[in-house]
Amino acid sequence: MVLLLVALVSFIIFRFVGNPVENLMGQEATMAQRAALEEALGLNDPIFIQYFEFLWRAINFDFGNSYRGALPVSELIISRLPATIELALSSAILGVSLGVILGIYTAIKRGSIISNLILSSSLIGVSLPTFLIGVLLIWLFSVELNWLPSFGRGEVVELGWWSTGFLTVSGVKSLILPSITLGLYQMTLVMRLTRAEMLEVLKQDYIRLAYALGLTKRKIYFFHALPNILIPVITIAGLQLGSVIAFAIITETVFQWPGVGLLFINAVYFVDIPVMSAYLLLVGFAFVIINLFVDLAYLLIDPRLRDSQLRREV
Amino acid sequence: MLAVGSFFVFTTIILLAIFANYLAPHTPFDPSTLNLMNGFTPPMEPNEFTGQVFLMGTDDQGRDLFSTILYGLRISLFVGLMAVLLAMVLGVILGLISGFSGGWLDIIIMRLADIQMTFPSILVAMLVYGVARGMLPPELRYEMSITVLIISIGLSEWVPFARTVRGSTLVEKEKDYITSARMLGLKRFSIMTRHILPNILSPVLVIATITFALAIIAEATLSFLGVGVPTTKPSLGTLIRIGQDFLFSGEWWILLFPALTLLALALSINLFGDWLRDMLNPKIH
Amino acid sequence: MSAPILEIQNLSVVFKQRKNAQIILDKISLKVYPGEIVGLVGESGAGKSMTGSSVLGLIDPPLLISEGAIIFEGRRIEKNSAFVRGSQISMVFQDPLVSLNPLRSIGDQLIETIRTHIEMGKVEAKTYAKSLLKEVGIEPNRFYDYPHTFSGGMRQRVVIALALAPKPKVIIADEPTTALDVSVQAQILDLLRKLCKERGTAIILITHDMGVIAETTERVAVLNAGKLVEMGKTYDVLSKPKSSYTKKLIDSTPTFQHLTKKRNSKPSFQRPNKEKFDQLEYLAVNQLTRFFDLSDPWLVRQITGTGKRILKAVDRVNFKIDKGRTYALVGESGSGKTTIAQMVAGLLRPSAGSVKIDGKDFTDVTLGKEELLLMRRAVQMIFQSPYASLNPRWRVGNIIKEPLNVLNLRQNEETKNKRVVELIEQVGLLPRDIFKFPHEFSGGQRQRICIARALASQPELIICDEPTSALDVSVQAQVLRLLKDLQKEFSLTYLFISHDLAVVSEMADKIGVLKEGVLIEEATPETLFSSPVEKYTKMLIAAAPDIGCINKIN
C-alpha cells in the first residue's frame with residue numbers, strides 16, 4: 001500500500017518533472033523525431049497504463065537509463081548498494097545499542113553528575129549537523145592526528161556482486177569515521193527517547209506495586225520497566241533506520257563514500273530524474289521492510305496486540 | 001540559568017544578523033572592495049602583503065570572514081524562520097482538521113503524514129528541491145533558489161506539527177468544555193478556533209523552536225551539499241563547504257568560525273526549546 | 001490485647017524544596033494490631049495515602065520524613081524498610097487497571113514475587129501461586145493469562161494475591177475499591193475481611209468513603225490536612241464524634257439508611273411546595289434506544305466471516321419528569337446512563353424513540369433554527385469533572401457569558417455583563433472572580449462556575465451528569481444544597497445521573513434503575529429503598545456502602 005503510493009509519487013516525478021523527451025534529445029530535434037520518441041517511450045498511452053508499465057518495469061529492476069552517462073539506473077544502484085548498506089548497518093547498530101544503554105542509565109541514575117554530563121553533551125549532539133560532525137572528525141583524526149583515512153572505502157573484497165569493506169584493515173578503518181558520524185545523531189535521539197519513556201514507565205502504578213512487593217531494583221528495571229519501553233523504542237529505532245539512509249547522503253558526501261546517497265545527490269544536482277525516482281522507490285522499499293519487522297516485534301512483545309490480532313483471525 | 005544564557009546568545013546572534021550592514025567592517029559581496037591579495041589571512045594577524053588585520057581572517061578570495069558570517073547568518077535565519085512558519089501554518093491547519101473532523105479526511109491526512117515520515121525530512125527537502133528545480137526553467141533556477149529552499153524545508157517539517165496538533169485535539173475534544181460548547185450549538189469552525197486552538201498552542205510553540213533549529217541545520221546541510229543557496233550569497237552551510245576545501249592545506253579558520261556560529265545558534269535555540277517545554281509542562285509545576 | 005504489630009509514632013513528613021519546607025504530615029501516631037482492619041479516612045490532601053507510602057519507604061525527595069518513628073515488631077523501619085517491604089508489609093493500590101505489568105502473565109508475576117521472598121522451586125511456587133489465585137476467587141487455570149483479559153475487579157483480586165504471596169503480616173490497601181463499581185466493591189471488601197479473619201493479616205484501609213469505613217473497619221483514624229483529628233472504635237467515632245471536623249464529615253455524608261425501614265404510615269415529610277406543579281409534564285422520554293456499531297469494517301467482516309457486533313447501549317427506555325422535579329437515573333458503569341443524558345441534551349441522535357421537551361421533539365430533524373435555539377436555551381448540562389468542563393484558557397467571566405453570546409439573547413454588552421455578575425453571585429462566588437482563570441479555583445468552586453454557566457440562558461431543564469462524584473464529601477454537600485436551592489428559586493427540572501445511591505436518595509423525587517441499557521425499576525426513594533422489587537436493585541442497595549449502617553450493625 002505504502003509502496004504503491006511511493007511508486008506513484010516517483011512515477012509522477014519520473015513522468016512529469018522535466019520533459020524526458022527534451023532531456024533525451026536536446027533542443028535541436030525536429031517535431032517528427034520527438035513524436036517518434038514519444039511513441040517509442042509509450043508517452044501517448046493513457047496515464048494509468050503508463051503507471052502499470054512503470055510498476056512492472058520497477059519490479060523487474062528496470063528504471064531506464066540515467067540521463068547522464070546513459071548507464072542503466074539499476075546497474076548503477078546495485079554497484080553502489082553494498083557500500084551504503086554496510087555503512088547504514090554499522091552506524092545503526094552503534095547508534096541504537098549505545099542510545100538504549102545510555103538512555104536507561106541516565107533515567108535510572110537521574111540527577112547524578114555523569115548522567116547530567118551525558119545529557120548536556122547529547123544536546124550538543126542534536127544541535128550539531130551531521131555534516132559538521134563529519135568535517136570535524138576528519139579534521140581531528142585525519143588532518144591533525146592522521147590516524148584514519150578521510151575518504152573512500154579503502155580496499156574492498158568482492159563476494160560475487162557484493163563488495164565488502166569488512167574484510168580488510170583499510171576497509172574497516174575507513175568505516176570508522178563515517179559510522180560514528182552517521183550514528184551519533186541517531187544515538188542522541190534514541191537515548192533521549194529511551195530516557196523519557198523509562199522515566200514515564202517508572203512512574204506507573206505497576207512499578208510502584210513491584211517496589212511495594214519488595215522486588216529488587218534490578219528485577220524492576222530489567223523485567224518490568226524495560227519490556228514496556230521496548231515498543232516506542234523499537235518504533236523509533238525503525239524510523240531511525242530509515243533516516244540513517246537519508247543521512248547517509250550527507251555522510252557519503254562528506255567522506256566521498258561511493259554509495260547510493262552520493263549517486264542521489266549528484267542526481268539532484270544535475271536533475272537526473274530516473275535516478276531520483278529509482279532512489280525514492282528504493283528508500284520506500286527499505287522502509288516497508290523495516291516496518292514489517294517492527295510490526296512483528298510488536299506482536300512478539302505485547303500480548304494485548306497478539307490477542308486482538310488472533311481474534312481477528314478466528 | 002542555562003536558559004537565560006542561551007536566550008542571551010540567541011538574541012545577540014539575531015541582533016548581529018539584523019544590523020549586519022552597520023556592524024560588518026566590510027561588504028563581502030561587493031567585488032570592488034575585495035583585494036585578492038588579502039586571501040588566506042589568518043585571524044588577528046596582519047596580511048603579509050597588505051598588512052591588513054582581520055578579526056577572523058579571510059577566505060580564498062580575501063573576503064573578511066567576520067563580515068561574511070554576519071551576512072550568512074541573515075540568510076540562514078531568514079530561510080529557517082520562513083520555513084518554520086510555513087511548516088507551522090500547514091501543520092496546525094491539517095492537524096486541527098484531522099483531529100476534529102475525524103473520518104476519511106483524518107485518514108487521508110494521517111496516511112500522507114505516515115508516508116512522508118517514511119522519508120526523513122532532509123530527504124524530502126532534497127526531493128522537493130530537486131523536483132522544483134526540474135520544473136523551473138533553467139534561467140529562473142538561480143533566482144528562485146532561496147524561495148525553493150524555504151518551500152522544500154517547510155514542506156518537509158509539517159508532519160510533527162500536524163501529529164501533535166491532532167493528538168492534542170483528540171484529547172481536548174473529548175473534554176466536557178467542548179461538549180458544553182457543542183450544546184450551545186456552536187459551529188465546528190468556532191469550536192476549533194475559539195476553544196481548541198488556544199489550548200493546544202503550547203506544544204506547538206515548543207515544536208516550533210525545535211523545528212527552527214532543525215530548519216537552520218537543514219538549510220546549512222543543503223547548502224553544504226551544494227543544493228541550497230548559491231555560493232555568491234553564502235549562508236553558514238556554504239561557508240562551511242568552502243572551509244572544508246581548505247582544511248587539508250591548514251587554513252582551519254575558514255571552517256572553524258562559521259561552524260562555531262552554526263553550533264552556537266542551533267544549541268542556543270535547542271536549549272531555549274528545552275526550557276520552554278519545561279515551563280509549559282503542567283506536570284512539573 | 002496483644003502488642004501492636006505496627007506502630008507509627010509522631011510521624012511527620014515535609015515537602016522540602018530549597019529553603020521552604022511544607023508540612024505534609026504532622027505528628028501522626030497510629031497503632032495496628034494483628035488481624036484487625038484499621039481505617040484511615042479523610043478528604044483529598046488529608047495525607048492518608050502519604051501515611052501509607054511512608055510506612056513502606058515509598059516516598060522520594062523532595063518529600064522526606066522529618067521526625068517520628070515507624071516500628072514493626074519492635075524494630076524501627078522508617079530509615080530502612082527494604083527488609084519488610086513485600087515480605088512483611090505489602091500494598092494494594094487504587095487502580096487495578098494500571099497496577100499490573102501489561103506485558104507479563106499473572107502467573108509469571110506471582111511466581112516472581114513469591115520467589116523473591118520465599119525460597120521455593122519453580123514447580124512448588126507454581127502450585128502455591130495457584131492456591132493463592134483460588135483463595136482470592138480466580139480460576140487457577142487462568143494462570144497463564146495476561147492482565148488485559150481480566151476485568152477491573154478480577155485484576156484487583158490478582159493484585160491482592162500478589163500482595164498476599166509472601167505471607168505479609170500487614171497489608172496497606174490504598175483506596176482499593178474506588179475505581180470499581182459498587183457490586184464489585186462489595187466483593188473486594190468481603191475478600192479483604194475474609195483474609196483478615198482467616199489469615200490474621202492486619203489491614204490498613206485507606207479511603208475517602210465513610211460508608212466503606214462504616215461497613216468494613218473495626219477502628220478508624222480521621223485525618224485532616226496532615227493532622228490526626230480523631231482515632232477510636234469505628235462505632236464510637238461515627239456515632240459520637242468528638243471533633244467538629246469528624247462531625248462535619250459525617251453530616252455531609254449522604255445516607256439512605258433511614259429510608260430502608262418499612263413504614264406503615266405515609267412518609268413523615270411531604271414536599272408541599274411542589275404539589276402544584278404535579279400535572280405539568282416537562283420531559284418525556286419515549287422508547288428511547290441507542291445502538292453502537294462496534295463491528296469491524298465491512299471488508300474485514302467478509303474475510304473473517306464474523307458478524308456485526310452491535311452494542312445496545314440504551315434499549316427502549318421510557319420515563320417522564322414533571323416540571324420542577326428531580327428524576328435520578330442510577331446504574332453501574334456501562335448501564336447507559338450517560339448515553340441517555342447525551343441524547344436528552346441533543347448531543348447524540350437516538351437510534352429510535354423520542355425525547356420530548358415541553359411537548360416538542362428535540363430529535364425532530366425538521367426543527368427550524370429559531371426553535372432549535374429555544375430548545376438549546378431551555379436545556380443545559382452540568383458535567384462530572386469540574387477540571388475538564390471549563391476551558392482553561394478563558395476567563396471565568398467569558399466562560400459564563402458564552403451562552404449569552406451564542407444563544408442570541410439579543411442583549412447589549414452592558415446587560416450581559418450585569419447578568420454575569422448576577423449569576424456568579426447566585427452560585428455563591430464574588431463578582432471579582434470573573435476576571436480569574438479556572439485554575440485559580442478549587443474543585444467545588446469550579447463546579448459552581450459550571451452551574452452559573454448552565455444557568456446563564458435561564459434554562460428549565462438541567463442535566464446533571466455525576467455532578468459531585470469528583471468532589472470531596474463536604475464540598476459535595478454544599479454543591480448539592482446549592483442545586484436544591486436553585487431548583488426551588490427558579491423551579492428548575494433536573495435529570496440527575498449518578499452511580500451513588502446515597503446521593504440520589506437525597507436529591508431525587510423519583511429514581512430509575514438502569515441495568516445494561518434497560519430501565520428495570522422506577523419508584524420514589526421511599527418505596528425504592530424500603531421495598532425494592534427487582535433482584536438487581538436489591539443487590540445494589542445491599543452492596544452500596546452506607547454510613548447509616550453503623551447503627552444497624554451495633
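Residues numbered from 1 in each chain as written. Chains lettered and ligands numbered in written order. Predicted model: local features only at pLDDT ≥ 70, side-chain atom pairs only at ≥ 80, totals over all residues. Heavy atoms only, no water.

Section: the interface of chain B and chain C
To keep things clear, this is the line we draw: The contact definition used throughout considers only heavy atoms, calling two residues in contact when any of these lie within 4.5 Å. A quick way to say it: buried area is the sum, across both parts, of accessible area lost when two parts are put together, with a 1.4 Å probe. For this analysis, a salt bridge means a side-chain nitrogen from Lys or Arg found within 4 Å of a carboxyl oxygen belonging to Asp or Glu. The definition of a polar contact used here is a pair of N or O atoms within 3.5 Å, where within protein one atom must be able to donate a hydrogen and the other to accept one, and adjacent residues in sequence count solely through side-chain atom pairs. To qualify as a helix, a DSSP run of H or I must reach at least 4 residues; to qualify as a strand, a run of E must reach at least 2; elements of each kind are numbered from the N terminus. Classification used: nonpolar for Ala, Val, Leu, Ile, Met, Phe, Trp, Tyr, Cys and Pro, charged for Asp, Glu, Lys and Arg, polar for all others including Gly.
Counting residues at the interface gives 16 residues for chain B and 21 residues for chain C. Both sides of the chain B and chain C interface together cover about 1,800 Å² of buried area, and 58% of this is carbon and sulfur. Three residues stand out in chain B for area buried against chain C, namely D176(B), M183(B) and L184(B), and they jointly supply 41% of the buried area on that side. Joining chain B to chain C, the criterion identifies one salt bridge. As a salt-bridge pair, R194(B) and E402(C) come within 3.9 Å of each other at their nearest N and O atoms. The tally of links from chain B across to chain C stands at nine residue pairs in polar contact (both at pLDDT 80 or more). Elements with a contribution of two residues or more to the side of chain B that touches chain C: α9 (176-183) and α10 (188-225) of chain B. Looking at which element gives the most residues to the side of chain B that touches chain C, the answer is α9(B), with seven residues. Along the lines of polarity and charge, the residues of the side of chain B that touches chain C split into six nonpolar, six polar and four charged.

Description of the sheet that holds strand β12 (residues 310-322) of chain C
Two pairing modes exist for strands in a sheet, parallel and antiparallel, and in both the strands are linked by backbone hydrogen bonds. All names here are of chain C. Just so we agree on the cut-off: For two strands to pair, DSSP has to find at least two bridges joining them. Interaxial angle, 0 to 180 degrees, is taken between N-to-C directions of lines fitted to C-alpha atoms, where a helix line uses only the stretch in contact.
If you walk across this open sheet you meet the four strands as β12-β11-β14-β15, and the pairing is antiparallel. Here the strands that pair on one side only, and so sit at the sheet edges, are β12 and β15 (360-361). In this sheet, β15 lies alongside strand β14 (residues 352-357) in antiparallel orientation, the contact comprising two bridges. Bridge pairing in β15 links K356 to D361. The strands touched by helix α11 (residues 337-344) are β11 (281-293), β12 and β14; relative to β11, the strand with the most contacts, the crossing angle is about 120°.

Observations regarding the nonpolar core
Threshold: Buried Ala, Val, Leu, Ile, Met, Phe, Trp, Tyr and Cys residues that are joined via side-chain atoms within 4.5 Å together make up what is termed a nonpolar core. Here's how the labels work: a residue is buried when its accessible area is under 20% of the maximum for its type, exposed when over 50%, partly exposed in between, all with a 1.4 Å probe on protein chains only.
Among the nonpolar cores identified, the biggest contains 112 residues, and F131(A) and F264(A) are the most heavily contacted of them. Once you skip the residues sitting within four places of it in the chain, F131(A) turns out to touch I250(A), V254(A), I217(B), A220(B), T221(B), F224(B), I240(B) and L262(B). Counting residues in hydrophobic clusters, the runner-up holds 71 residues, among them A212(A), V55(C), A161(C) and L180(C).

What to know about the pattern of salt bridges
Overall, the coordinates contain 23 salt bridges over all chains when judged by the stated rule. In this structure, E78(C) and R76(C) form a salt bridge, with 2.6 Å as the shortest nitrogen-oxygen distance. Take R76(C): its relative accessible area is 54%, and that puts it in the exposed class. Two residues, E413(C) and K401(C), come together in a salt bridge whose shortest N-O distance is 3.0 Å. Of the two residues, E413(C) is situated in helix α14 (residues 413-426) and K401(C) in helix α13 (residues 396-406); the sequence distance between them amounts to 12 residues. One connected set of salt bridges, linked through shared partners, spans R194(B), E402(C) and R453(C).

Description of the domain arrangement of chain C
Residue and element names in this part refer to chain C. Going by this rule: Source of the domain bounds: an automatic or database domain assignment.
Domain annotation for chain C reports domain 1 (1-88 + 170-179 + 196-212 + 219-252), domain 2 (95-167) and domain 3 (324-348 + 366-552). In this assembly, 13 residues from domain 1 lie in contact with nine residues from domain 3. Taking both partners together, domain 1 and domain 3 bury about 1,000 Å²; carbon and sulfur atoms supply 66% of that area. The tally of links from domain 1 across to domain 3 stands at zero salt bridges.

What about the sheet that holds strand β17 (residues 461-465) of chain C?
Residue and element names in this part refer to chain C. Reading across from one edge, β16-β17-β18-β13-β19-β20 is the order of the six strands in this open sheet, with mixed pairing throughout. Strand pairing shows two members of the sheet lacking a second neighbour, β16 (379-382) and β20 (518-523), which therefore form its edges. In this sheet, adjacent strand axes meet at a mean angle of 20° when their direction is disregarded. Bridge count for strand β19 (residues 510-515) against β20 is five bridges, and the pairing is antiparallel. Counted as the bridge partner of G512 is E522 from β20.

Quick notes on the state of the cysteines
Residues and elements named next belong to chain C. Threshold: The disulfide criterion is simple: two cysteine sulfur atoms within 2.5 Å.
On inspection of all chains with the given rule, the structure shows zero disulfides over all chains. There is no disulfide at C464, and the cysteine sulfur nearest it, in C450, is 11 Å away. A residue is classified by how much of its surface remains accessible, and C464, at 0% relative accessible area, is buried.

A word on the interface of chain B and chain A
Contacts between the two partners involve 41 residues from chain B and, on the opposite side, 42 residues from chain A. Around 3,700 Å² of area is buried between chain B and chain A when both sides are counted, 83% of it from carbon and sulfur atoms. The interface formed by chain B and chain A contains zero salt bridges. Counting the contacts that link chain B with chain A gives zero residue pairs in polar contact (both at pLDDT 80 or more). Of all the elements in the fold, those that place two or more residues in the side of chain B that touches chain A are α4 (103-118), α5 (121-135), α10, α11 (236-245) and α12 (253-280) of chain B. The biggest single contributor to the side of chain B that touches chain A is α12(B), with 11 residues. A per-class count over the side of chain B that touches chain A returns 29 nonpolar, seven polar and five charged.

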